[in-house]
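# Working through the structure, step by step
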Amino acid sequence: MPTVPAGSWPEPPEGVPASELTWAEVIAPRGATSKVLARGTSLRLRDVYGQACAHLLLYNAAEPWERLNVADTVKIPWQAYLGLGHPLLSDQGRVLATVIGDDSGRHDALCGGGPAARARFVNAAAKHGLEPRDLPPSVSLFQGVRVQADGSLAWLGSAGPGCAVTLRCELPLVVLLADVPHPVDPRPEPEVTALEVLAWRGESTKPDDPLWTSTPELQRAFENTADYWEARA
Amino acid sequence: MIEQVVGACEPWSAVVPAASTLRIVDLEGNQAVDFLVYNAHDTAERYSAPDTIVAQGNVFLTAGSVLRSNLGNPLMTVVEDEVGRHDTIGGACSKESNTLRYGHHTKHQHACVENFLAEGAKWGLGKRDLVSNINWYMNVPIEEDGTLGIVDGLSAPGLSLTLRSEVDTLVLVSNCPQINNPCNGFNPTPIRMIVAP
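Residues numbered from 1 in each chain as written. Chains lettered and ligands numbered in written order. Predicted model: local features only at pLDDT ≥ 70, side-chain atom pairs only at ≥ 80, totals over all residues.

### Some remarks on the overall build of chain B
Within chain B, the regular secondary structure consists of three helices and eleven strands. Listed N to C, the secondary structure of chain B is β-β-β-β-β-α-β-β-α-α-β-β-β-β in terms of helices and strands. At 15 Å, chain B has a C-alpha radius of gyration in line with the 16 Å of a compact globule built from 197 residues. Each principal axis of the C-alpha distribution contributes one length, and for chain B these read about 45 × 40 × 30 Å. (Helix = DSSP H or I, 4+ residues; strand = E, 2+ residues; numbered from the N terminus. Rg over C-alpha atoms; globule rule 2.2 N^0.38 Å.)

What follows is the structure in structure tokens.
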């Protein structure tokens, strides 16, 4: 359930005044939610009990036909596995969000969410005027999958309770979240536990941040994002 | 029966009726063929790379691979493959992603997304209908630490693959115009498309 207003959430992250919280919600197992977040917002997802699987889709809230592109997200950094510093890229050569905190390291950008996540995304998207055509492949957090040399998939699963991932919104975003089992979870009746969602106001990544210049590709993605936003804002 | 040569860097599309086959021939070798497929009667049902990967438990496409839709339904099956391995992770090149990889001086260059948009528009498809695609003849290995590569293709002149439609499908193709990496041997070349009942 959501905590409204978000500032009444009892345990803000360290260093974050409660007054800066803009979203506080616990997604029940097999539930879903969505929110529009301002550029610069920090979004922290926490697998409180160790069996959450956070399926995630992101859209540019200003022009939602610009959306998460998992192919560019893995191709541009030459890295199939999401982790600290990884950009979540749109189809327009821009950064939707960056991973600025990750103590799980077990995520997936190749397998999507399967029918359970799709069903929840259809409804969550509809509440933002988006249709099934607007659902691209999604990423998921907290349940890892690895690719073997022959291309087959190996299940890693959870890194344990309490792991959190923090994303920084580099554009205003429509965020869709579903907490359902990963589609390659090998257990006959996969357990799912609650997902905690907190967001607080902040700044988008700036040129003096080491992340900005961490690679030439990411620097150009940040420059494209700033160029776009400064022209239209 | 349709038999057409798609020139270097050009788009192509066709309806491939259920039970018909589509044969793609890499005429000069080492040519990536970017490929999307839709249910011809409801294009909101379209190829899904993740559903395809999950159902076969493997990220590479080859003979026997079933191309699944976002609803999990079979759209096409790879019935013959002379190459052995194809990519469905790397997606299509775009003018925008080219600026990231190769720099802003490449923004003017032609790209697969431009082909998909232009060819898709003929069938009422738009940007929202473009999703992670297949790259026939492209070789994208994943190393143990997750590092991806786009390396020299496994293809050679004249090698082909054949797909069978499981339902009436609409196929969109971009004969990849990328000149900045080895996926086309830095030299895009023609392909042949053959639709047979």
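### Digging into the confidence of the model for chain B
Here chain B shows a mean pLDDT of 96. Residues at 70 or above account for 100%. Two summary scores accompany this predicted model of the complex, namely pTM at 0.97 and ipTM at 0.97. (pLDDT = per-residue confidence, 0-100.)

### Looking at the pairing of strand β2 (residues 32-37) of chain A
Residue and element names in this part refer to chain A. Taken across its six residues, β2 has five buried, putting it largely inside the fold. Of the pairings in the sheet, the one linking β2 to strand β12 (residues 173-179) comprises six bridges and is antiparallel in character. In the strand pairing of β12, Ala32 is matched with Ala178. (Buried ≥ 20, exposed ≤ 12 C-beta atoms within 10 Å, placed from the backbone. Pairing = 2+ DSSP bridges.)

### Let's talk about unusual backbone geometry
Residue and element names in this part refer to chain A. Omega for the peptide link from Val4 to Pro5 comes to -5 degrees, which places this bond in the cis form. Not every positive phi belongs to a glycine, and Arg30 is a case in point at roughly 70 degrees. Residue placement: Arg30 occurs in the loop between β1 (21-27) and β2. The phi dihedral of Trp78 is positive, around 55 degrees, even though this residue is not glycine.

### Brief notes about the environment of Gly40 of chain A
Residue and element names in this part refer to chain A. Here Gly40 shows up in the loop between β2 and β3 (42-47). C-alpha separation for the pair Gly40 and Gly202, spaced 162 residues apart in sequence, amounts to 4.8 Å. In this structure, Gly40 is in contact with Cys169, Arg201, Gly202, Glu203 and Ser204, ignoring residues within four places of it in sequence. (Contact = placed C-beta atoms within 7 Å.)

### Details of the environment of Leu67 of chain B
Residues and elements named next belong to chain B. In this structure, Leu67 sits in strand β6 (residues 66-68). C-alpha separation for the pair Leu67 and Gln4, spaced 63 residues apart in sequence, amounts to 23 Å. Those residues in contact with Leu67, other than ones at most four positions away along the chain, are Val37, Tyr47, Thr52, Leu75 and Met76.

### A short note on the interface of chain A and chain B
Contacts between the two partners involve 36 residues from chain A and, on the opposite side, 31 residues from chain B. Elements with a minimum of two residues in the side of chain A that touches chain B: α1 (70-75), α2 (114-126) and α3 (216-232) of chain A. Sorting elements by how many residues they give to the side of chain A that touches chain B places α1 of chain A first, with five residues. Tallied by class, residues from the side of chain A that touches chain B come to 19 nonpolar, nine polar and eight charged. (Nonpolar A, V, L, I, M, F, W, Y, C, P; charged D, E, K, R; others polar.)

### Digging into the sheet that holds β6 of chain B
All names here are of chain B. A sheet is described by the order of its strands in space; here six strands give the open sequence β1-β11-β3-β9-β7-β6, paired in antiparallel fashion. The sheet is open, and its two borders are formed by β1 (2-6) and β6, each paired with just one other strand. Recorded for the sheet is a direction-independent mean angle of 20 degrees between the axes of neighbouring strands. (Axes fitted to C-alpha atoms, helices over the stretch in contact; angles between N-to-C directions.)

### What to know about the sheet that holds strand β4 (residues 54-60) of chain A
Residue and element names in this part refer to chain A. Spatial strand order, β2-β12-β4-β8-β7: five strands in an open sheet with antiparallel pairing. Among the strands making up the open sheet, the edge pair consists of β2 and β7 (107-108). As paired elements, β4 and β12 share seven bridges and run antiparallel to each other. By the bridge assignment, Tyr59 is partnered in β12 with Val174.

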